Each structure stands twice: as C-alpha cells, then as structure tokens.
Amino acid sequence: MEWYNKSKEEVLAEFGTDEIQGLSEQEAAARLEKYGKNELEAQAKKSFVKKLLEQFADFLIIILIAAAIVSAAVGEVSDSIVILAIVVINALLGIYQEGKAEKSVEALQKMSAPNAKVIREGRQMEVPAANVVPGDIVVLETGDIIPADVRLIESSNLKIEEAALTGESVPVEKDAKEIIEGKVGIGDRHNMGFSSTIVSYGRGKGLVVATGHNTEIGEIAITIQSYEEEQTPLQVKLNQLGKVLGTACLAICLIVFGVGLLQGREILNMLLTSISLAVAAIPEGLPAIVTIVLAIGMNRMAARNAIVKKLLAVETLGATTVICSDKTGTLTQNEMTVVKAYVDDKILDVTGGGYEPVGDVKLDGNKISIDSLPDLETFVAAGALANDALLDNSSGMWKIAGDPTEGAIITFAGKFGKTREELNKKFPRVEELPFDSARKMMSTFHANYIPGKIVSFTKGAPDVVISRCTKIALNGEIRDFTEDLKNKVLAVNTEFAKSALRVLSAAYKVWDEVPEENKSEVVENDMIFLGLVGMIDPARPEVKDSIRQCKAAGIEAVMITGDYKETAYAIAEQLGMADSHDQAMMGAELDKFSDEEMREVVKKTRVYARVSPQHKVRIVTALKENGNITAMTGDGVNDAMALKKADIGVAMGITGTDVAKNTAEVILTDDNFATIVNAVEEGRIIFSNIKKFVFFLLSCNIGEILLVFISILLGWEVPLLPIQLLWLNLVTDSFPALALGVEPAEPNIMNQKPRDTKEGILDKAMYGGIIFQAIAIAGACLTAYYLGVQKYGLTNGLEKIRTIVFTTMITAELLRAFSSRSENYTLFKIGFFSNKAMNRAVLVSFALTLIVLYIPALNGVFHTVPLSLADWQNVLLLSFIPLIMGETYKKIFKNK
C-alpha cells in the first residue's frame, strides 16, 4: 500500500488514530503485541562448530583426512597424527583470523537505543524507539532520528537528511499536504519520512505506517539475509586444484600398486608405497600456508586502513574488474562547500588553497581580501546573518549543526574572517521571516549594520530573489536592476547550475524600523540584489588519482547514486570516471530494460543517478553476469543490498551505517576511496605470491612423485619413506613457501589487467615450469640414489642411501625456493638474497634438517643416519641442478 498516494485524513482513518489524542496506552500495548518490537532482528552469528566445519569443506583437506585414516589403518599412526595435526591447525588459524575481524567490526559499531517523541492520550511523551507502533503519532524536531516509516501529517519548513537511505547529499524538503500521484522512488516521496533518517531543519508530525522489518530499511535487511554466500575466485580455483591433485593421486597410486603386484612385491609393502605416493602427491602444507598468507594480507590491509572480515576476500580484491561506488561520502566529502560566487559582476572560483578570481580582483596572498570588491563584505554578511546553521567544535572537529547548504555559507564567510556569532553580536537579529518552501526564501532583520537603520537580509532561490529585486549593488553603487542586468545575472545562475551547483542568492533592504506588517509581500520586495553563491558536495581530492590508478590497472570505476543526474555526472567528469553525458543514466530508465538488455547497458554506462536499492542490485547483477568481478563501495543503508550481492562489498567505517558494515566483507576505517585501490594492489600481490608458492610446492611434490614412481618402475627400493615425505612437505617446504607469501610486488603489478578468473591458479607457462623443475629434482635424487647404491650397497646401506636422497631433496628444494620468487625475472634481476624472510626460512629449514640427521633420538623416528663430508659433497653438487635448470628455463622462455 502506497501511503504517499493517500491524504492525511485517509491515513489517519486507516490506522484508527486521532490526530490530537494519538493512541491510548492500552491500544499502543495491544499493537506492540500484534506487530512486535520496532527493531531489526540481528542475524544469528555462526557457531564455532559451523565455522570449524566450513574450514574442512575443502577438497584438499578432505583428501588429507582420508590419507590420515588410511595411514592409521595400516599401522602408520605417527604419519596419521601429523597429517591430522596440520588439518586442525589450518582450521583454527582460519577461525582465529575471521574472529579477529568480527571483533574489529563490533568495535566500529556505535550502539544506541534512541527514544522517540510520541503523542498518546493527548500528551507528548518519550518512549523507547523499539516501542513505537503503527498508528503512533511521532513528533519530529531538528536533530531527531525518525524512529519508523511515517506519513507526514504536519510540516513546517521540514527538511530531512536521507543520504544514508537514498544517497542524496542535500536534505529533502518535505510537505505533509502534498498528495503524490502514481508510483515514485523513495527520494521523491516528499510527504513521507523514513526510519533512521534525520530531521535537519524545521519540525513536523508523522503517523507511523511501518515498523521493524516492514520499514524501507527493514525490507533491505530481509533481502540481504536472503542472499546466499558465493564462493570467492580463490576458493573455486583451490577446489579445482584439489580435485585435479586428488584424481591424479588416486590414479598414480592405483598404477603403482598394480605395477608392484605384477613385479611380485608384497601387498602390504605396496600399500605402504601407495600411501607414500599419496603423501608425496598432496601438498599437505598448502591449506595452512594459504591461510597464513591470507592472514598476513589481512594484517597488512588493516595497517593500510582496510579491515577484511572474511579471509578469502583478501584475494578477491585483486581480481576486481569493476568498482561500483556510491557518490555521497565515498567519492565526495559529504560536506556541502561553496565553490563559486558572483559579486560585483565578478565570478570567484573557490579552489583548495584560496580564491582564484576572474577579472581584475586584487589578491591578498592567494586569497581575496574582504575589501577587494566593494560589495563583497555585505554579500558575505548577508549569507552569514540570514542563516540558522552553526559551526560546532565541541568534539575537537568542526561540524555543521543545521542545514548543510547554510553550513557551507557559514564556512565560506569564515574564510573571510567572519563568523555568524560575531556578526550577530555586532548586528543583533531583531526579527525574522523563517524559510518557507512555498516562497523559497528566508529573511532576518538586523540592527546597527547601517547606523540608525534596520537592514533585512534575504537569502533564497535565485529566480525568486532576482524577481523581487529592483536595485543591484554593483562596484560600490546602487543601480537600477534593469532587464539587461537581470538577464546577465540569470545567465551566470544558469552557468552555475549547468556545473551541477546548488545556487542561492542574497539581497537586502534598508528600513527606518522593523515594519509592522512583517509579511513576505512587504519585506521581500523592492530589494537590492547582492550576488550568487554556488555550492556542491565536492569530490575527495585524492580520489581522482585513485580513479587514474584504477584505469591503469584495467579496473572500471562506476558511480551509482541516489543524487540527481547533473550533480552525479559533474562529479564523475571531474574525477575522470565519465567523459560523455551518454555515459550517465537515470534509475527510472533502468526499469524499461530486460535482464538481457541490462547486460548491454552496463557495458557503456559509468554513472547511474536517482537509483533505488533495487536498481543497484540489478546493476551489480548485470556486471557479474558479464563475467566481471565486482566490488561495491558504500556507506548507507541504501547500499547494503548491493554490497551483499557484489563479489566483494566495501563499507565505510566512519560514516558507514551498521547495516552497511555488517553486510560488507571489507571496511575502510578512513572512509577513503583511495584505500580501496591500495587493497586491490594488496590483493594482487597476495594472489601473485599464492601462485609462486603453489608453483614451488607442486614442483616439489611432482618431483617426489616422479622419484618414487620411476624407482618402482626400475624395480628399486622406495627411496623415501612416508614419514620422510611428510617432513619434506610439512616442515622443509613450508617455511620457504611462507616466505614466498610475503614476497614484494612484481614490477608494474598495478599496470596489468585483472586476471581472467576462468583461468586456474597456474597458467600453461607455469605448468611447463613445474614439469621442467620436477624432472630436474627427480633426476638429481635418482642420481643420488644410484650413486649411493654403488657406494654402500642395498644390503647394509639402505638407510644411508635413503638419508642421502632425503638430504639431496631437501637441499635442492631449499635452493630452488630462491628461484621460485619470480616466475618472470631471474635471480640476477631481483637479487639472490633480497627477500630477508626467504633467507631466514631457508636457514631454519636447513637447521631443522641437520637436527634430524645428527640427533640420535630422531634418527630412529625418521630412519636417518649421519652423513659424512664426502656424502655432503655429492648432495650439494646434485642439489644445485634444479636451481640452475629453473633459472635457465626463465632465461630461455621468459627472456628476463
């Protein structure tokens, strides 16, 4: 039911409410019982058990658990315990990091339990907002948060700040008498007030028509909760990789088992050999390393003002192809600012550091002094005196109390050293005509501005004020306001408006005393025109550079806002997001398009204005259906559904509503759009490093598989035991892999196009590199095995031979870790020891290897024996082969 289509009388009758008496306490209690509390039910948090199970819902993890069970079944309990330990550690790490992010979000949320002023039984009283019911009459005054959706039944100069719901930066003028025909968007329902919006000016009363989940905000909350979680690109790729590894693992195990039986080997022996292969095939450390590297990325992002709530969202940022951004407070400062003024036939362009004049205006430094133009002081005084806004510094930060447009004029006057308080003290207000939306003006009377006289200053809509003026202040003279001069001023007004500026004009009139008949027809006629002031919610200064970085990185930036098209396009053009009006579209136009047509529309449109929350979701959905990885930034309730629908939602931490922050995966603690670009860069670095350590681990694992597989085919003894392979995969390989996870960014990482999410973690070139390196590792270790057999023989020297192979494999992998630091550049380009984390990791892994070799208590566990210097000579010579081969491969195929 559209309450804005109904008259006040119809709505009151519908709810059975008396306008004067309101509801009785008894009726209010009955309705509270019927409709429930006026609050949104918080979405239930995941239990620890559910979080734990989610960590196990990964194909690689499932394979590891299966391997552990089989190991235990055949008596290899120690292997089984080690595998299960790494699985549990990985799960706990993931839960810990996501729990830390949840606490960060809770710290950002501002808890409040506001009261509401209602009329019940003929008396005005305060009740908890949660106890407001449909049919209550709510009293609205400046500064009040509207507790529920209301149909206004009374309004006096009422303006409501609806930016959090609609995205419109300027408060909306409301009129209770208006009856709207047809269906209109939220931003155009001028006889309605909405839950959680703020009264910025005037007063009024509203009849509550919806509470809790039935409000506009409540419906958004319900829709958000209905969306199912989607897998991130990394989750998809890791699952695919896990399935490939699992399938390959089973196939190899079956082949080896079959070959062994054909060779006449014992079944139990071949079963243990198959387990060895399974252990070799699966990179047990991979899930834990991915978790740790993502956690490190979370911490780095937090240091750069981006809190990531969900671990895997860290990497998703790096794949982003489109950033859809709300305008108000995200791309702009959410603070109306005077940018142009017109006085004494001069246009003043206000820039960041001061004022750049047009014409022969004198400068005082880089600012116009108050006496540069003869009528500038009076113009500034008029704006500051005919004004009800205040600058508040009680919290240590300057804030506007009152209407933002009036606040902008107060700030403008302050730049000339004029404050409203000082001016009012010097020229006290003795009478006023408050702003009225019908006449679009306000006037105040002041004593002492002209000795012995009373001066009325008027501020309002330019076309109205100009039509009421007969004189103009021009270069220190009062002249007739001729049609030619009026047309000239109107042309300037049009020029300002075309730049999407909100324009106000100022005028004054001199009196001997305050007129007895204080009416607009008398006071606001035959005035002297002073000038025009143009203001806008300006773009954040750092955003333009961020948009440029996005373009260089192959990322499209799209503005989606509830504000007007002209204003939205002006900001988009200024920031470099759009360069043609054809790239801007109104939300109402989107209703005409089918889903298929929408997919074409989003390919060329860069600015969407006057959109509803449902429009935002359609835009994001169409972008995703076109194959884009879409990020959505925003701060308002109106952004929440799109934040949820996007691949990654990014909320503002300071100005963002709790609904937006709870919905998003990432929260920017500094509300700076530029931070999203830093987060994208961090995401790209993380994915690049994940590729590096997956490349490193898989080439090691495939080398191990080839070693065991070829040994079986040749009829040799298994060169490495399961416990030794586990040590290699979990300890030796893990430290260098972690160091690869913190490798600095490759050159020009933000000048590359986003990766194709259809491609796997590894591309064709990397598969070639893996096979090349695996053959080199297997070849070196097979050679070590052969030389060991020749020297020590199998009868008494098998443990020694296995120790030599074990040590050769470890040393080769540690040396090769340096080569894996870049898939494109050789060590001569990036520097052999330039990654300090890698240097430490290799030293730790090598030290642990020495402990396993030379501490007798561990020799029995790992089936190792101490090596002599002669043994080490062969080990070191063979270990350098994979490193040399890896660097040669890059030089030949990458040529870098």
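Residues numbered from 1 in each chain as written. Predicted model: local features only at pLDDT ≥ 70, side-chain atom pairs only at ≥ 80, totals over all residues. Heavy atoms only, no water.

**Focus on the overall build of the protein chain**
For step 1, the next point in the chain: The number of helices and strands found in the protein chain is 34 helices and 27 strands.
For step 2, the next point in the chain: When burial is assessed residue by residue, the protein chain has 55% of its 896 residues classed as buried.
For step 3, the next point in the chain: Of all intrachain contacts in the protein chain linking residues separated by at least 6 positions in sequence, the fraction that spans at least 24 positions is 71%. (Helix = DSSP H or I, 4+ residues; strand = E, 2+ residues; numbered from the N terminus. Buried < 20%, exposed > 50% of the residue type's maximum accessible area, 1.4 Å probe, protein only. Contact = heavy atoms within 4.5 Å.)

**Re the confidence of the model for the protein chain**
For step 1, the next point in the chain: In this model, the protein chain carries an average pLDDT of 84, and 89% of its residues clear a pLDDT of 70 or more.
For step 2, the next point in the chain: Contacts for the low-pLDDT stretch residues 104–113, under 50 throughout, to residues beyond four places or in other chains number 15 contacts. (pLDDT = per-residue confidence, 0-100.)

**Some words on the pairing of strand 26 (residues 648–652)**
For step 1, the next point in the chain: Burial within strand 26 is extensive, with 5 of its 5 residues counted as buried.
For step 2, the next point in the chain: Two strands pair when backbone bridges link them, and strand 25 (residues 630–634) and strand 26 are joined in this way by 4 bridges, in the parallel orientation. In the strand pairing of strand 26, methionine 632 is matched with glycine 649.
For step 3, the next point in the chain: Bridging between strand 26 and strand 27 (residues 666–668) involves 3 bridges; their strand directions are parallel. The residue bridging valine 650 from the neighbouring strand is valine 666, located in strand 27.
For step 4, the next point in the chain: With respect to chirality, the unit in which strand 26 leads through helix 25 (residues 658–663) into the neighbouring parallel strand 27 is right-handed. (Pairing = 2+ DSSP bridges. Right-handed = clockwise from strand over helix to strand, strands pointing away.)

**With respect to the pattern of salt bridges**
For step 1, the next point in the chain: Counted under the stated rule, the structure contains 39 salt bridges.
For step 2, the next point in the chain: With a shortest N-O distance of 3.6 Å, glutamate 25 and arginine 120 are connected by a salt bridge. Residue glutamate 25 is located in helix 2 (residues 25–35), and its partner arginine 120 is located in strand 1 (residues 115–120); the two are separated by 95 residues in the primary sequence.
For step 3, the next point in the chain: Using a relative accessible area of 33% as the deciding quantity, one classes glutamate 25 as partly exposed.
For step 4, the next point in the chain: Of the charged contacts in the structure, one is a salt bridge between glutamate 162 and lysine 174, with a shortest N-O distance of 2.7 Å. Note that glutamate 162 is positioned in the loop between strand 4 (149–161) and helix 6 (163–166) and lysine 174 in the loop between strand 5 (172–173) and strand 6 (192–193), a separation of 12 residues in sequence.
For step 5, the next point in the chain: By relative accessible area, which is 1% here, glutamate 162 ends up buried.
For step 6, the next point in the chain: One network of salt bridges, in which partners are shared, links Arg300, Arg304, Glu681 and Glu682. (Salt bridge = Lys/Arg side-chain N within 4 Å of Asp/Glu carboxyl O.)

**Some thoughts on the pairing of strand 16 (residues 441–447)**
For step 1, the next point in the chain: Counting buried positions over the 7 residues of strand 16 gives 7, a clear majority of the element.
For step 2, the next point in the chain: Because side chains alternate across strand 16, one face comprises the buried residues Met441, Ser443, Phe445 and Ala447, and the other comprises Met442, Thr444 and His446, equally buried.
For step 3, the next point in the chain: In this sheet, strand 16 lies alongside strand 15 (residues 429–436) in antiparallel orientation, the contact comprising 5 bridges. The partner of arginine 429 across the bridge, within strand 16, is histidine 446.
For step 4, the next point in the chain: Here strand 15 hands over to strand 16 after 4 residues, with lysine 440 in that stretch at a positive phi of 60°.
For step 5, the next point in the chain: When strand 16 meets strand 17 (residues 454–460), the two strands line up antiparallel, connected through 7 bridges. Residue methionine 442 lies in a different strand from strand 17, and its bridge partner there is lysine 459.

**So, the side chain of threonine 17**
For step 1, the next point in the chain: Within the secondary structure, threonine 17 sits in the loop between helix 1 (8–15) and helix 2.
For step 2, the next point in the chain: We classify threonine 17 as buried; its relative accessible area is 8%.
For step 3, the next point in the chain: Polar contacts involving the side chain of threonine 17 include one to the main-chain carbonyl oxygen of glycine 135, which spans 2.9 Å.
For step 4, the next point in the chain: When neighbours within four sequence positions are excluded, threonine 17 is seen to be in contact with Leu12, Gly22, Leu23, Arg31, Gly135, Ile137 and Leu207. (Polar contact = N/O pair within 3.5 Å; in protein donor to acceptor, adjacent residues only side chain to side chain.)

**Considering helix 28 (residues 734–741)**
For step 1, the next point in the chain: A large share of helix 28 lies buried, amounting to 6 of its 8 residues.
For step 2, the next point in the chain: Where helix 28 is concerned, the buried positions are Ser734, Pro736, Ala737, Ala739, Leu740 and Gly741.

**Describing a nonpolar patch on the surface**
For step 1, the next point in the chain: A cluster of nonpolar side chains, Phe48, Val49, Leu53, Val88 and Leu92, forms an exposed patch at the surface whose accessible area comes to about 480 Å².
For step 2, the next point in the chain: Going through the elements one at a time, helix 3 (48–56) and helix 5 (77–108) are the ones with two or more residues in the nonpolar patch.
For step 3, the next point in the chain: Here phenylalanine 48 lies in helix 3.
For step 4, the next point in the chain: In this structure phenylalanine 48 comes out as partly exposed when scored by relative accessible area, which is 49%. (Patch = residues over 30% accessible without salt bridge, like charges linked within 9 Å, V, L, I, M, F, W, Y side chains within 5 Å. Areas by Shrake-Rupley, 256 points an atom, 1.4 Å probe, with all protein chains shown as cover.)

**Topic: the sheet that holds strand 22 (residues 556–560)**
For step 1, the next point in the chain: Read across the sheet, 8 strands follow the order 8-27-26-25-9-22-24-23 without closing on themselves; strand pairing throughout is mixed. Lying at the two open borders of the sheet, with one neighbouring strand each, are strand 8 (306–308) and strand 23 (584–586). Averaged over all pairs of adjacent strands, the angle between their axes in this sheet comes to 20°, without regard to strand direction.
For step 2, the next point in the chain: Of the pairings in the sheet, the one linking strand 8 to strand 27 comprises 3 bridges and is antiparallel in character. The residue of strand 27 that forms the bridge with valine 308 is valine 666.
For step 3, the next point in the chain: Contacts from helix 20 (residues 565–575) reach strand 22, strand 23 and strand 24 (607–609) within the one sheet, and its direction differs from that of strand 24 by about 155°.
For step 4, the next point in the chain: This element, helix 26 (residues 673–713), spans strand 8, strand 9 (322–325), strand 25, strand 26 and strand 27 of the sheet and lies at about 160° to strand 9. (Axes fitted to C-alpha atoms, helices over the stretch in contact; angles between N-to-C directions.)

**Let's talk about helix 1**
Given 3.6 residues to a turn, an α-helix orients residues that are three or four positions apart in the same direction.
For step 1, the next point in the chain: Taken together, the buried positions of helix 1 are Val11, Leu12 and Phe15. Buried residues in helix 1, looked at end-on, bunch into an arc of 100°, giving them a common side. Turned more than 90 degrees away from the buried face of helix 1 sit Glu9 and Ala13, all of them exposed.
For step 2, the next point in the chain: Of the surrounding elements, those touching the buried residues of helix 1 are helix 2, strand 4 and strand 7 (198–210).
For step 3, the next point in the chain: Positive phi appears at glycine 16, one or two residues downstream of helix 1, with a value of about 65°. (Arc of directions from axis to C-beta.)

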